[in-house]
Amino acid sequence: MRPIIETHQLVKKFGRNKPAVNGVSLRIYPGQVIGLIGPNSSGKSTLQRMLSTVLRPTDGAIKYNGRHVRNGIQKDRLRRNIGYVPQGDCLYGDLTIEENLLLFSEPYGIKKKVRKARIENLLVRLELTERRNYLVRNLSGGMAKRASIAAALVHNPKIIFMDEVTMGLDPTSRLRIWELVKELKRDHVTVIMTTHYLNEVQSLCDNVFILSKGILVEDDTPEALLEKYHTDDLDDVIQKVIKSEL
Ligand SMILES: Nc1ncnc2c1ncn2[C@@H]1O[C@H](COP(=O)(O)OP(=O)(O)OP(=O)(O)O)[C@@H](O)[C@H]1O
Ligand SMILES: [Mg+2]
């Protein structure tokens, strides 16, 4: 099977600092759920931002479905297939959830009727129906996060990037998001999620990428990693990987 995303020696440098991402080569296959993990500052968000076309790499190459994306038209076409939930806030605080979703779906040229049906479906799936008319700035953190996920899915992307979307959520909200990830997988959407909750990775992910100081130090299934590091807990794997990198 052809990778949906493939990178070769991807590098991102900010100014004169050490590279935030330093020569990452990886392959992601269609329909996979990927867990991107590693300590703070290891380059997870930077890597996700490059893969989702938000950030231009300093060096190296990314191919989508075997192709380099060279010009603006190709990039626009690719972006129709990509959803991105950033680590920070991304919605307009002075608009309601529903207004945000309408706004986010507008640039994709989808008929208003279809957009409205999709928004309805996402509001239900993310349990936001009752709060649809709330201003985003008045939402709790968990609600706001769920609204950002809805906004990233409103154009039915084939690939979705989620950067720490379950951070700080209560257990029920986290489980709701787990269910959503499973539904996306059933619909053959490729999911690349960053998280510090490793039980999440163990339960949801087909493959794990571990970053340390911008370098991809492990790329394997959760099961294979547990076996390799003789443990039944991914937290142990991270500790051992990071220690061996020091
Ligand atoms: N726009 C930027 N300008 C300058 N430095 C940046 C920028 N974005 C990220 N960095 C730096 O790149 C490095 C990696 O940051 P990144 O946000 O990718 O880490 P992370 O693994 O996502 O961390 P966390 O777990 O805290 O979210 C850090 O040293 C960070 O300060
Ligand atoms: Mg981050």
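Quick notes on the rules
- Residues numbered from 1 in each chain as written.
- Chains lettered and ligands numbered in written order.
- Predicted model: local features only at pLDDT ≥ 70, side-chain atom pairs only at ≥ 80, totals over all residues.
- Helix = DSSP H or I, 4+ residues; strand = E, 2+ residues; numbered from the N terminus.
- Rg over C-alpha atoms; globule rule 2.2 N^0.38 Å.
- Buried ≥ 20, exposed ≤ 12 C-beta atoms within 10 Å, placed from the backbone.
- Contact = placed C-beta atoms within 7 Å.
- Core = buried A, V, L, I, M, F, W, Y, C linked by C-beta atoms within 7 Å.
- Pairing = 2+ DSSP bridges.
- Near = placed C-beta within 6 Å.
- Nonpolar A, V, L, I, M, F, W, Y, C, P; charged D, E, K, R; others polar.
- Axes fitted to C-alpha atoms, helices over the stretch in contact; angles between N-to-C directions.
- Arc of directions from axis to C-beta.
- Parallel < 35°, antiparallel > 145°, perpendicular 65-115°, else oblique.
- Left-handed = near helix turned anticlockwise from the far one by under 90°.

Student: Looking at this structure, how should I read the overall build of the chain?
Tutor: Along the chain, the regular secondary structure elements total nine helices and ten strands. On C-alpha atoms alone, the chain measures out to a radius of gyration of 18 Å, which is about the 18 Å that the 2.2 N^0.38 rule sets for 246 residues. Counting only C-alpha atoms and orienting by the principal axes, one finds that the chain spans roughly 50 × 45 × 40 Å. When each of the 246 residues of the chain is scored for burial, the buried share is 37%. Restricting the contact set of the chain to residue pairs at least 6 apart, pairs at least 24 apart contribute 70%.

Student: Please explain the nonpolar core as it appears in this structure.
Tutor: A general tendency of soluble globular proteins is for nonpolar side chains to be buried together. Within the largest apolar cluster, 58 residues are counted, with the highest numbers of intra-cluster contacts made by Ile 34, Ala 150 and Val 191. Other than its neighbours up to four places away in sequence, Val 191 contacts Val 33, Ile 34, Ile 160, Met 162, Val 181, Leu 184 and Lys 185.

Student: Hey, could you run me through the sheet that holds strand S1 (residues 5-12) in this one?
Tutor: Backbone-to-backbone hydrogen bonds join strands into a sheet, with any given pair of strands oriented parallel or antiparallel. Pairing within the open sheet is antiparallel, and its four strands lie in the order S2-S1-S4-S5. On the outer flanks of this sheet lie strand S2 (21-28) and strand S5 (67-68), each paired with one strand and no other. Looking at chain direction, strand S4 (residues 59-64) and S5 are connected through two bridges and run antiparallel. By the bridge assignment for S5, Tyr 64 is matched with Arg 67.

Student: Got a minute to help me understand the site of ligand 1 in this structure?
Tutor: Near ligand 1, the surroundings consist of Phe 14, Ala 20, Gly 38, Asn 40, Ser 41, Ser 42, Gly 43, Lys 44, Ser 45, Thr 46 and Gln 87. Class assignment for the residues of the shell around ligand 1 results in two nonpolar, eight polar and one charged.

Student: Would you mind showing me how to read the sheet that holds strand S6 (residues 82-85) here?
Tutor: Read from one edge to the other, the open sheet built from six strands follows the order S6-S7-S8-S3-S9-S10, with strand pairing classed as mixed. Unpaired on one side and paired on the other, S6 and strand S10 (215-220) mark the two borders of the sheet. The average undirected angle you get between the axes of adjacent strands in this sheet is 15°. As judged from the four bridges shared by strand S3 (residues 33-37) and strand S9 (residues 207-212), these two strands associate in the parallel manner. Considered in S9, the bridge of Ile 37 is made with Ile 210. Against the sheet, helix H1 (residues 44-51) engages S3, strand S7 (159-163), strand S8 (190-194) and S9, with an angle of about 155° to S8.

Student: I'm lost on unusual backbone geometry in this one. Help?
Tutor: Only a minority of non-glycine residues have a phi that is not negative, and only a minority of peptide bonds are not trans. One non-glycine residue, Thr 53, lies in positive phi territory at about 70°. With respect to the secondary-structure elements, Thr 53 resides in the loop between H1 and S4. Its identity as a non-glycine residue notwithstanding, His 230 has a phi of 50°, on the positive side. Along the chain, His 230 turns up in the loop between helix H8 (222-228) and helix H9 (234-245). By the C-beta count within 10 Å, which is 9 here, His 230 ends up exposed.

Student: What am I meant to see in the environment of Ile 192 here?
Tutor: Position of Ile 192 among the secondary structure elements: in strand S8. Residue classification places Ile 192 among the buried positions, given that 25 C-beta atoms sit within 10 Å. A sequence separation of 108 residues divides Ile 192 from Tyr 84, and the C-alpha atoms of the two residues are 9.5 Å apart. Excluding its chain neighbours within four sequence positions, the residues that come into contact with Ile 192 are Ile 28, Ile 34, Leu 36, Gln 48, Leu 51 and Phe 161.

Student: Got a minute to help me understand helix H3 (residues 97-105) in this structure?
Tutor: Each turn of an α-helix holds 3.6 residues, which means side chains three or four residues apart point in the same direction. Those residues of H3 not exposed but buried are Ile 97, Glu 98, Asn 100, Leu 101, Phe 104 and Ser 105. One face of H3 carries all of its buried residues, which in axial projection span an arc of 160°.

Student: Would you mind going over the packing of H3 against helix H4 (residues 112-125) with me for this structure?
Tutor: Helix-helix packing: each pair is described by the crossing angle between the helix axes and the interaxial distance. At a minimum axis separation of 10 Å, H3 and H4 run at an interaxial angle of 130°. Comparing their axes, H4 and H3 come out oblique. Crossing hand, H3 versus H4: right-handed. Counting all contacts with H3, which are made through Glu 98, Leu 101, Leu 102 and Ser 105, the residues of H4 involved are Arg 115, Ile 119 and Leu 122. Here the residues of the contact of H3 with H4 are counted per class, giving four nonpolar, one polar and two charged.

Student: Even after reading the chapter, I still don't get the packing of H3 against helix H5 (residues 141-153), so can you show me in this structure?
Tutor: Viewed as axis vectors pointing N to C, H3 and H5 meet at an angle of 25°, and their least axial separation amounts to 9 Å. Our classification of the angle between H3 and H5 gives roughly parallel. Pair H3 / H5 crosses with right-handed handedness. The residues of H5 that touch H3, namely those facing Ile 97, Asn 100, Leu 101 and Phe 104, are Ala 147, Ala 150 and Ala 151.

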